[in-house]
Amino acid sequence: MTGLPPPGAPLGHYVSEAPFDPLAAERAAEAAPAAAATQGQVMWWKFRRHRLAVISGLFLIAMYLVVAFAEFLAPSTVDTRNVERIYAPPQALHLFDKGQFVGPFVYGRDMTLDLDTLRRVYTDDTSRVEPLRFFCHGAAYKMWGLIPADRHLFCPANGGELFLLGSDRLGRDVLSRIIHGARISLTIGILGVTMSFALGLILGGIAGYHGGWIDLVIQRAIEVLQSIPTIPLWMALAAIMPVTWSPIVVYAGITVILGLLDWTGLARAVRSKLLALREEDYVLAAQIMGARPRRIIARHLIPGFMSHLIASATLTIPGMILGETALSFLGLGLRPPVTSWGILLTEARNVSTLALYPWLLLPAVPVVLVILAFNFLGDGLRDAADPLR
């Protein structure tokens, strides 16, 4: 074979003449980016490899931007009515008319009443091209309830109409109501998780650190709450709220209910972690130095598994959103004039209405997408926070 010395020839022996440095390998490892990275950087590098979680995170960021600028993004206000277009089906968006590029537009519509079925029949009039207007003046509103404005991202043509997702029984635009409803449905999950996190960290931390009879009482309370069926408990707590309360107070009450019912799982997770960590040497050192239990829990124990808590939060928010949607759908949660995705779905409770006007079920689409996005994001954060992966 080529490259090998002939048989019997002495083998060459090569020795590096560079001085021996026993710390060279350690310095090379320290120079590597990963060696000097913080825990947050390592989590970010792992999270970026989870493509579905990254896409879900971007989608959720976009959804919360919609929440922040709902009035501007919606083509009309939440209560704008067109009594001549009740139960109008969704309009198709077009770009070309008779082979020529026009831009985004819809065709005008004519409405007739079918005397046999007493249904409104809408037909497109292709001779009436109604281009969409962008950054246009429309219905007046108050941004965040404070700043008067009337500018919208897009509007129907002057004298035209625009129902991209159809209209409801009062002639209100379903798309605009879905955009406005996102503000309630998405923020109630964040507020509910904040409350459940506070309860879970405090009670779980006390139970895990102190143990004894305190742990026994908290664990029995958790078992009692977890043994009660969720839906009847929601119904009982929601029925307590008087009908005379304002929508804002009802919103706060629903948030409190969801927060009070979802802290048990987190409290048990925190308790199990603290039971394992409280025997570590650094905890004993903090106790010898005179640190109080509250400081040891908050400054030394909880930060050790904060990444796990963040992942748990992203998996808890979908439950909050589903809870609000279920309560509102059953008529026990938020009530009009507040608009949420659950309230919009109450229009689809009647089977006959749903069969005739299936677009009233479209508010369920963002509910499904947001819940899937939160679950995928939680999976990505959990994998990134796992040191064994």
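Up top you'll find the structure we're talking about.
Residues numbered from 1 in each chain as written. Predicted model: local features only at pLDDT ≥ 70, side-chain atom pairs only at ≥ 80, totals over all residues. Heavy atoms only, no water.

## Here's the deal with helix H8 (residues 247-261)
So, point 1. With 15 residues, H8 should reach 21 Å at 1.5 Å per residue; the first-to-last C-alpha distance of 21 Å fits that figure.
So, point 2. When we look at burial in H8, the residues that qualify are Val250, Tyr251, Gly253, Ile254, Thr255, Ile257, Leu258, Gly259 and Leu261. (Helix = DSSP H or I, 4+ residues; strand = E, 2+ residues; numbered from the N terminus. Expected span 1.5 Å × (residues − 1). Buried < 20%, exposed > 50% of the residue type's maximum accessible area, 1.4 Å probe, protein only.)

## Quick word on the pattern of salt bridges
So, point 1. In total, this model carries 13 salt bridges according to the counting rule given.
So, point 2. For Arg220, the salt bridge identified is with Glu223, shortest N-O distance 2.7 Å. Within this pair, Arg220 and its partner Glu223 are both found in helix H6 (residues 212-227), separated by three residues, close to a single helical turn.
So, point 3. By relative accessible area, which is 37% here, Arg220 ends up partly exposed.
So, point 4. Take Glu223: its relative accessible area is 36%, and that puts it in the partly exposed class.
So, point 5. Linked through salt bridges whose partners overlap, the residues forming this network are Asp168, Arg169, Arg172, Arg177 and Glu347. (Salt bridge = Lys/Arg side-chain N within 4 Å of Asp/Glu carboxyl O.)

## Let's talk about the pairing of strand E2 (residues 100-114)
So, point 1. One ladder, built from three bridges, connects strand E1 (residues 94-97) with E2; its direction is antiparallel. Considered in E2, the bridge of His94 is made with Phe105.
So, point 2. Examined bridge by bridge, E2 and strand E3 (residues 119-131) share ten bridges and lie antiparallel to one another. Looking across to E3, one finds that Asp114 is bridged to Arg119.
So, point 3. The loop that links E2 with its antiparallel partner E3 comprises four residues; one of these, Leu118, has a positive phi angle of about 55°. (Pairing = 2+ DSSP bridges.)

## Topic: the state of the cysteines
So, point 1. Under the criterion given, the structure shown has one disulfide.
So, point 2. What pairs with Cys136 in a disulfide is Cys155, and their sulfur atoms sit 2.0 Å apart. Its S-S torsion of approximately 100° makes the covalent link between Cys136 and Cys155 right-handed. Remark: Cys155 occurs in strand E5 (residues 147-155) and Cys136 occurs in strand E4 (residues 133-143); sequence separation between them is 19 residues. One exposure class covers both Cys136 and Cys155, and it is buried. (Disulfide = S-S within 2.5 Å.)

## Section: the nonpolar core
So, point 1. Within the largest apolar cluster, 60 residues are counted, with the highest numbers of intra-cluster contacts made by Leu186, Ile254, Leu301, Leu309, Leu334, Trp341 and Val370.
So, point 2. Sequence-distant contacts of Leu309, that is, excluding residues within four places in its chain, are made with Phe197, Leu201, Leu266, Val270 and Ile302.
So, point 3. Listed in part, the eight residues of the second largest apolar core include Ala74, Val106, Phe154 and Ile179. (Core = buried A, V, L, I, M, F, W, Y, C linked by side-chain atoms within 4.5 Å. Contact = heavy atoms within 4.5 Å.)

## Remarks on the side chain of Arg85
So, point 1. Looking at the element boundaries, Arg85 is found in the loop between helix H4 (70-73) and E1.
So, point 2. Taking relative accessible area as the criterion, Arg85 reaches 11% and is therefore assigned buried.
So, point 3. In this structure the side chain of Arg85 is engaged in a polar contact, spanning 3.2 Å, whose partner is the backbone oxygen of Arg109.
So, point 4. Once residues lying within four places of it in the same chain are set aside, the contact partners of Arg85 are Arg109, Met111, Tyr122, Glu161, Phe163, Ser167 and Gly171. (Polar contact = N/O pair within 3.5 Å; in protein donor to acceptor, adjacent residues only side chain to side chain.)

## Structural notes on a nonpolar patch on the surface
So, point 1. Residues Leu58, Ile61, Leu65, Phe69, Trp144, Leu146 and Ile147 make up a contiguous nonpolar surface patch of about 750 Å² in total accessible area.
So, point 2. Ranked by residue count, the leading element in the nonpolar patch is helix H3 (residues 51-68), at three residues.
So, point 3. Looking at the secondary structure, you find Ile147 in strand E5.
So, point 4. For Ile147, a relative accessible area of 45% gives the class partly exposed. (Patch = residues over 30% accessible without salt bridge, like charges linked within 9 Å, V, L, I, M, F, W, Y side chains within 5 Å. Areas by Shrake-Rupley, 256 points an atom, 1.4 Å probe, with all protein chains shown as cover.)

## Section: helix H15 (residues 364-385)
So, point 1. With 22 residues, H15 should cover 32 Å at 1.5 Å per step; its first-to-last C-alpha distance of 32 Å lies within 8% of that length.
So, point 2. Of all the positions in H15, only Pro366, Val367, Val370, Ile371, Ala373, Phe374, Leu377, Gly378, Gly380, Leu381, Ala384 and Ala385 are classed as buried.

## Observations regarding the pairing of E4
For a regular strand, side chains alternate in direction, first toward one face of the sheet and then toward the other.
So, point 1. Pairing geometry for E4 and E5, over seven bridges, is antiparallel. Looking at the pairing, Phe134 lines up with Phe154 of E5.
So, point 2. Between E4 and E5, which follow one another and run antiparallel, lie three residues, and Trp144 among them has a positive phi close to 55°.

## Here we look at the packing of H3 against helix H5 (residues 174-210)
So, point 1. Two elements in contact, H3 and H5, have axes whose closest approach is 8 Å; the angle formed by their N-to-C orientations is 115°. Here H3 and H5 pass one another in a crossing that is left-handed. Seen from H3, the contacting residues are Met63, Tyr64, Val66, Val67 and Ala68; seen from H5, they are Ile179, Ala182, Arg183, Leu186, Thr187 and Ile190.
So, point 2. Classifying every residue of the contact of H3 with H5 by side-chain character gives nine nonpolar, one polar and one charged. (Axes fitted to C-alpha atoms, helices over the stretch in contact; angles between N-to-C directions. Left-handed = near helix turned anticlockwise from the far one by under 90°. Nonpolar A, V, L, I, M, F, W, Y, C, P; charged D, E, K, R; others polar.)

## As for the packing of aromatic side chains
So, point 1. Scanning all chains against the criterion turns up seven aromatic pairs.
So, point 2. Consider the rings of Tyr87 and Tyr357, whose centres lie 3.8 Å apart with planes at 5°: the pair is stacked. Of this pair, Tyr87 sits in the loop between H4 and E1 while Tyr357 sits in the loop between helix H14 (351-356) and H15, and the two are 270 residues apart along the sequence. This pair shows no difference in class: Tyr87 is buried, exactly as Tyr357 is.
So, point 3. Ring geometry for Tyr357 and Trp359: centres 5.6 Å apart, planes at 65°, overall edge-to-face. Accessibility classification places Tyr357 together with Trp359 in one group, the buried group. (Phe/Tyr/Trp six-rings, centres within 6.5 Å; stacked < 30°, edge-to-face > 60°.)

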